[in-house]
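Residues per chain, in single letters:
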Amino acid sequence: MPRRRRDAVVRRGIRHVGRAIALQPKIFSAALLGSSLFAVMTVASAYVIGEITDRVVLPSFDQGSASTAALALAVAAIIGVALLRIVGIIGRRLLSGIMQYRLQAQMRREVTGQYLRLPLSWHQQHPTGQLLSNANSDVEAAWFFVAPLAFGLGAVVIILITGGAMVVTDPLLALIGLVVFPLVFVINALYSQVMSPRQQRAQQLRAEVSEIAHESFDAALVVKTLGREESETERFNARAGELRDGLIAVGRVRGLFDPLIESLPNLGTLAVLLLGAHRVADGAIDVGELVSIAYLFTLLALPIRAIGWVLAELPRALAGYDRITPVLEATGETPYGPEDAATTAGGAALGLQGIGYTFAGVERPAVRDVTFDVPAGGTVAVVGPTGSGKSTLAGLLVRLVDPVDGTVLLDGLDIRRLREGQVSDHAAFVAQQAFLFDDTVRGNITLGGPYTDEDVWAALRVAAADDFVTALPDGLDTHVGERGASLSGGQRQRLALARAIVRRPRLLVLDDATSAVDPSVEARILDALRASDAPATVVVVAYRQATIALADEVVWFEHGRAVARGSHAYLLGEVPGYADLVRAYSQADGVPA
Amino acid sequence: MTVTLPDEDRHEGGIRTLRRGLRMMPEFRRGLPLTVLLAVLATAGRVVVPIAVQQVLDRGIGAEGGPDLDFVTWVVLGCAVIVVLTAVAVYGMNLRLFRTTETALAGLRVRAFRHVHDLSAVHQQGDKRGALVSRVTSDVDQLSQFMQWGGVLGLISFGQLLVATVVMFVYSWQLTLVVLVCFVPLGIAVRWFAAKLAVVYGVVRERIGDLLAAVSESVVGASTVRAYGVRERTAERIDAAIDRHYRAAVDAQRVAVGVFVSGEFAAALANAALVVAGVYLGLAGDISAGTLVAFLFLVTLFVAPVQTASEVINEAQNALAGFRRVLDILDTEPDVRDPATAAPESTVHLPEGVLGVRFDHVTFRYSPGARAALDDIDLVIEPRRRVAIVGETGSGKTTFAKLVTRLMDPVEGRVLLGSDAAGWVPLSDVSFASLRSRVVMVPQDGFLFDATVADNVRYGRPGISDADVATAFDDLGLTDWVTGLPHGVASPVGQRGESLSAGERQLVAVARAYVADPDLLVLDEATSAVDPATEQRLTRALDTLTAGRTTLTIAHRLSTAERADEILVVDAGHVVQRGSHAELVGTDGTYARLHASWRRSSAGEPEPVA
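What you see is a predicted model, and the numbers here were worked out from it, not measured in a lab. (Residues numbered from 1 in each chain as written. Chains lettered and ligands numbered in written order. Predicted model: local features only at pLDDT ≥ 70, side-chain atom pairs only at ≥ 80, totals over all residues.)

**Focus on the confidence of the model for chain B**
All names here are of chain B.
Now for step 1: Model confidence for chain B is summarised by a mean pLDDT of 85, while 94% of its residues fall at 70 or above.
Now for step 2: When the criterion is pLDDT under 50, residues 1-10 qualifies, and its contacts beyond four places in sequence or with other chains add up to 25 contacts.
Now for step 3: Predicted as a complex, the structure gets a pTM of 0.84 and an ipTM equal to 0.86. (pLDDT = per-residue confidence, 0-100. Contact = placed C-beta atoms within 7 Å.)

So, in structure tokens, the structure goes:
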């Protein structure tokens, strides 16, 4: 298998080049046109200098006088050819650049589009650092060769012209070219094969370095409070060291390849001189012909190098592309149905039928065989010990993930049959840890939805966030920083609550969403929710008795199962675990009653 | 309180950046002379072939009395040997250069990484993490990429330029001057372009940082994006960042093309000037026809490296833009500095024994001019006390904790640790190593690493076994929870600990702090997401285990306050009440109000609408 893959590097490389061209055919053709113009003008400039020497310089010296008109013509010819060359350069350079960056941008859009499309279960298995690396350095690597591509293909034009000229002048001398050119390609093919695994490894290590950096910077507070900067640096250093060794291994091959490919045309030119001298001595060709062939050969050095640049980048391009392909080809996209949810006002009826969920790579299910109904407008509290699967269940209700077994029904409809966007139009979810975007307060609450400032302020009032938002320097326009870094935990949580409230959802799922909010504030939020004229159906994961007291019914959760359900009073009497949990504070020793 | 790193001075010259960079990369200088020597040798190969052509034509084939084949053979063989030797020299130079630059860049990467951790918590929060990551990844990669070809090419081109100039002078000093004059405008243009390139490539690097920040947000916030059905809006935000990068990159390309065009134009100008000046100089008898023809050939030796150099300058500016961003990180002074590195002579160790806390007229504000988060706090917390800090959200409780653990330094006043018996030591004089081993804080979101439960606990005390970790959970009354995990303490927690619930993550974070065995433990909402029964069990266990140590606890759940030796009530940056639960609960004031509200909410009585 690895052997076959190595053999295929060159072929796959060529296919990859074809892919780039197929994606941007117009701009590539234009760049190639520019490059060909450049190539032709390069040969032309050599011809112009030769002609000027023969027709202007030497006659002037012979005659002892110079013709101003002839000199002016010479200058015009040189500048004219140079201008055309410049047009060629602009076309090749600029258009190649645009092509490269377009391919990058297009692929970045596809890759990040996949990140947004793929389900959470996929995300749970892919470290953020790796995903950043895919969108950044892998995309860059995949299309880096495009920059010299037009130049390299344009160089083929030069090779064809010079090859033709040589064959016409002297077929025997042209033989040298026939040896040198194939040799260039053989060396390149060898190079690709040796380089490919090294580039793959370097690209993989780049991603791993990015992964460690991302995790470590995310953990900055823990690193600092435990004084573990040294060991984190050591961890990063180990991987950065491997990357360094990987890049040196890449450099070792490249360091050999570059001088090899560069000395080939030089040795070819010397061979031309040696053989040519004999041919001249034999009278087969004249000196002028030898000079032009030698000159043509020196002209070849640059295009051959340009072809080398393209080929040298291909293994890296493939390494990058191969790392992106699994992302682009990943399936598991959440399937949506054709149905619309009911449009009635007020709460939605929620039904759970035999729900089960198991995380990837874990044998034991996190949620098992959960069945219960919440009538429209009803409030159910889900209570259970830490780690019993309540958050997983909450996520299932709003289709963050799909259950492995069973069905979630919204107004009697399987939520998997709803159109995309329907669930989030009707249901709002507030997670345990509030996530804020690097946006303004307003943007974080509306998320681009059609809400007026009055709506936003009303929601902020319900979430008891109006006071602190008013005190912010720019009010609703205040930027909250990455992940809301400029706010306290309680403030972030209240904005997340306001985000849910402003939507007037028919189903509201609160996953212990008030843990960082003071009890008095929480009480205000709950009061406001109850006072609404079209009360939503609410499922609330909670520990506080005041929150639980709002519920019509309580579901007692243990080890992923809904073990018991009933009123608060009923559970207090019948389920010892429940009583222990909700009464933990009143039972605490040494507390005055 | 958003603090960003100082924006790089985009007008900083390349040379200054290089000098700044070399200071930061001592590895780079090692063995540099030999590398440069090899580069000089490498340039020989570039000039030898054109000279061979000229010699063979003039003196071999064109020799008096017919072609001198022996001469041609010797010249060609000699030159072939030189070409081969040059290739060997280039290979040697490449090896050395790649090794030193990659070693130096790895060193730079690691130092920048370390420095990010040395920056204060305020800095780390203000700067975008995705963008910080780009500084130790893609910005350094850009440099490495440049070094793998641009550095070599630059060195060789420079050598070739020198050799070509010398050779041209040997043929004709007048014509050499003509050539040099033609390239003067290019020199000026390149300087201008280089400055412009520095700006545009600076923008490109910045855009990459923004792009990574946008992607990182969409990945970390994946569940929020899905729950609110804002995929398209998020995609638009990312696409906008992608487009901004694309436009910046194309802008940069436009300027880069300007550089090549100028080089091309200068070369044409030189050729035209040579023909005109050469003919007139020839007619004046100063040079021969042969010299002029040879010179027209020689000038390509000069022009080629100039064109290569313009390519290198372009790439160099791109790499320098990344370089600057990395150096800017390293140049950002951490506003909380470890005295062990900043002023070793005045560094002190914390006194032995249990530590108390003293605030000496401490004031803190998150930015100059902002309202004081803590205002002139002056108090002493005796060693061995269990102190609860309570107050409404935003009252300054967390600021208090951050000052005690020196995540931030006060704007005014001093924080001291110690006791009346052992003496008080200003926190700012204590080395981080000493501080972090004695004072540990558990924040609300105790980040977990993508490893096992045991590995995460070990983070607090490296080297302890899985059995020790299991014992620690046992001590904390969490055995039931741990044995309920699929693989006990060996269960993987997933990235950011996301395979566990928020409450479970907090349990691991507390265990992590517990095994660190500190003298002063600060718990900042450390168990806010844990169920009450478990929390009660855990805090009771902690009470016993930390008896004889000082603990500062911040919690909304006032059960902690009920059990504390002493309560500090914070309101709007001031300590408004202080005393035991029994003293405060009966006194009309903030605490009594907070407590009544908490009682009601935890006991299930609805709060009257205010």
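**A word on the pairing of strand 1 (residues 350-357) of chain A**
Residues and elements named next belong to chain A.
Now for step 1: Pairing between strand 1 and strand 2 (residues 367-374): five bridges, direction antiparallel. If you follow L352 over to strand 2, its bridge partner there is F372.
Now for step 2: As paired strands, strand 1 and strand 4 (residues 405-410) are joined by five bridges and run antiparallel to one another. Bridge pairing in strand 4 links G356 to D405. (Pairing = 2+ DSSP bridges. Helix = DSSP H or I, 4+ residues; strand = E, 2+ residues; numbered from the N terminus.)

**Examining the sheet that holds strand 4 (residues 412-419) of chain B**
Residue and element names in this part refer to chain B.
Now for step 1: Pairing within the open sheet is antiparallel, and its four strands lie in the order 2-1-4-5. Of all strands in the sheet, those with a lone pairing partner are strand 2 (374-381) and strand 5 (423-426), marking the two edges. Along the sheet, successive strands turn relative to each other by an average axial angle of 20°, direction set aside.
Now for step 2: The pairing of strand 1 (residues 356-364) with strand 4 spans six bridges and is classified as antiparallel. Bridging across to strand 4, D360 finds its partner in R414. (Axes fitted to C-alpha atoms, helices over the stretch in contact; angles between N-to-C directions.)

**Structural notes on the sheet that holds strand 4 of chain A**
For sheets, the rule is that strands pair by backbone hydrogen bonds, running either parallel or antiparallel.
Now for step 1: In space, the four strands of this open sheet follow the order 2-1-4-5 (chain A), with antiparallel pairing throughout. At either margin of the open sheet sits one strand with a lone partner, and together these are strand 2 and strand 5 (413-414) of chain A.

**Overview of helix 15 (residues 453-462) of chain A**
Now for step 1: Here helix 15 of chain A has its buried residues at V456, W457, A459, L460 and V462 of chain A.
Now for step 2: Trailing helix 15 of chain A by a residue or two, A464 of chain A shows a phi angle of about 55°, which is positive. (Buried ≥ 20, exposed ≤ 12 C-beta atoms within 10 Å, placed from the backbone.)

**As for the nonpolar core**
Now for step 1: By size, the foremost hydrophobic cluster in this structure holds 380 residues, and its most contacted members are L273, V383, A498 and V509 of chain A together with A52, V510 and A511 of chain B.
Now for step 2: Among all residues touching V383 of chain A, those that are not within four sequence positions of it are A542, I548, V554, W556, F557, Y578, L581 and V582 of chain A. (Core = buried A, V, L, I, M, F, W, Y, C linked by C-beta atoms within 7 Å.)

**Focus: the domain arrangement of chain B**
Now for step 1: Entries for chain B in the domain assignment read domain 1 (14-331) and domain 2 (356-603).
Now for step 2: A C-alpha centroid distance of 55 Å is found between domain 1 of chain B and domain 2 of chain B. (Domains from an automatic or database assignment.)

**Details of the environment of L510 of chain A**
Residue and element names in this part refer to chain A.
Now for step 1: Among the secondary structure elements, L510 is positioned in strand 7 (residues 507-511).
Now for step 2: The class of L510 is buried, set by 26 C-beta atoms lying within 10 Å.
Now for step 3: Taking the C-alpha atoms as reference, L510 lies 14 Å from A546; in sequence the two are 36 residues apart.
Now for step 4: Once residues lying within four places of it in the same chain are set aside, the contact partners of L510 are V430, V540 and V541.

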